Amino acid sequence: MIRAAVRGEHGDEAAEERSHFSLAAELERTVEVMELAAPEEVWEPIPRWTAEQMGAWLRSVMRPVQLDRYKKAKRGPKKPKPRRTRFAAKKHVATARLSNGEQT
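Residues numbered from 1 in each chain as written. Predicted model: local features only at pLDDT ≥ 70, side-chain atom pairs only at ≥ 80, totals over all residues. Heavy atoms only, no water.

**Student:** I tried to follow the nonpolar core on my own but got confused; where do I start?
**Tutor:** Note on soluble globular proteins: their nonpolar side chains tend to be buried together. The biggest cluster of nonpolar side chains holds 13 residues, and the ones touching the most others in it are Val-6, Leu-23 and Met-62. Mapped onto this core, the elements with two or more residues apiece are α1 (2-10), α2 (12-16), α3 (20-37) and α5 (51-62). By residue number, the principal contributor to this core is α3, which donates 3 residues. Excluding its chain neighbours within four sequence positions, the residues that come into contact with Met-62 are Ile-2, Ala-5, Val-6, Glu-9, His-10 and Leu-23. (Core = buried A, V, L, I, M, F, W, Y, C linked by side-chain atoms within 4.5 Å. Buried < 20%, exposed > 50% of the residue type's maximum accessible area, 1.4 Å probe, protein only. Helix = DSSP H or I, 4+ residues; strand = E, 2+ residues; numbered from the N terminus. Contact = heavy atoms within 4.5 Å.)

**Student:** Please clarify how the packing of aromatic side chains should be interpreted in this entry.
**Tutor:** In this description, an aromatic ring pair is defined by two values, namely the gap between the centres and the angle between the planes. What the rule picks out here adds up to 1 aromatic pair. Both rings, one in Trp-49 and one in Trp-57, keep their centres 6.1 Å apart while their planes meet at 55°; by these two values the pair is tilted. (Phe/Tyr/Trp six-rings, centres within 6.5 Å; stacked < 30°, edge-to-face > 60°.)

**Student:** Could you clarify how one ought to interpret the packing of α1 against α5 in this entry?
**Tutor:** In helix packing, the relevant descriptors are the interaxial angle and the interaxial distance, both defined with respect to the helix axes. Where α1 meets α5, the closest approach of the two axes is 9 Å, and the angle between their N-to-C directions is 60°. Between α1 and α5, the interaxial angle falls into the category oblique. The crossing of α1 and α5 is right-handed. Contact residues: Ile-2, Ala-5, Val-6, Gly-8, Glu-9 and His-10 in α1; Leu-58, Arg-59 and Met-62 in α5. Broken down by class, the residue content of the contact of α1 with α5 amounts to 5 nonpolar, 2 polar and 2 charged. (Axes fitted to C-alpha atoms, helices over the stretch in contact; angles between N-to-C directions. Parallel < 35°, antiparallel > 145°, perpendicular 65-115°, else oblique. Left-handed = near helix turned anticlockwise from the far one by under 90°. Nonpolar A, V, L, I, M, F, W, Y, C, P; charged D, E, K, R; others polar.)

**Student:** Help me out: how do you make sense of the pattern of salt bridges in this one?
**Tutor:** Opposite charge on two side chains makes pairing possible when the charged atoms of those side chains draw close. A complete count under the given rule lists 1 salt bridge for this structure. A salt bridge links Glu-26 to Arg-29; the shortest N-O distance between them is 2.7 Å. In this pair, Glu-26 and Arg-29 are both assigned in helix α3, 3 residues apart and thus about one turn of the helix distant. (Salt bridge = Lys/Arg side-chain N within 4 Å of Asp/Glu carboxyl O.)

If you want it as structure tokens, here you go:
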């Protein structure tokens, strides 16, 4: 639902470029603080909300969010596997094959 709220408020491209894990963690921290600040009566009806009500609330929460804080980490290209330097001339043979009399 968080992804849909971001997509609804900021567009598809912005939603795909954001770390949903970071957004969810931030929302969780915000709700924890709000639970401490607001009386319990404010939170009582929330478990009975419909999906539409929860979506509307999430969209209102996502509206002022500064999305630049939640960019996904870009992974660089994989480094090539280094060439074998130790025992480079010999091929590895498993110990179990040696004990079974197999040698390749």
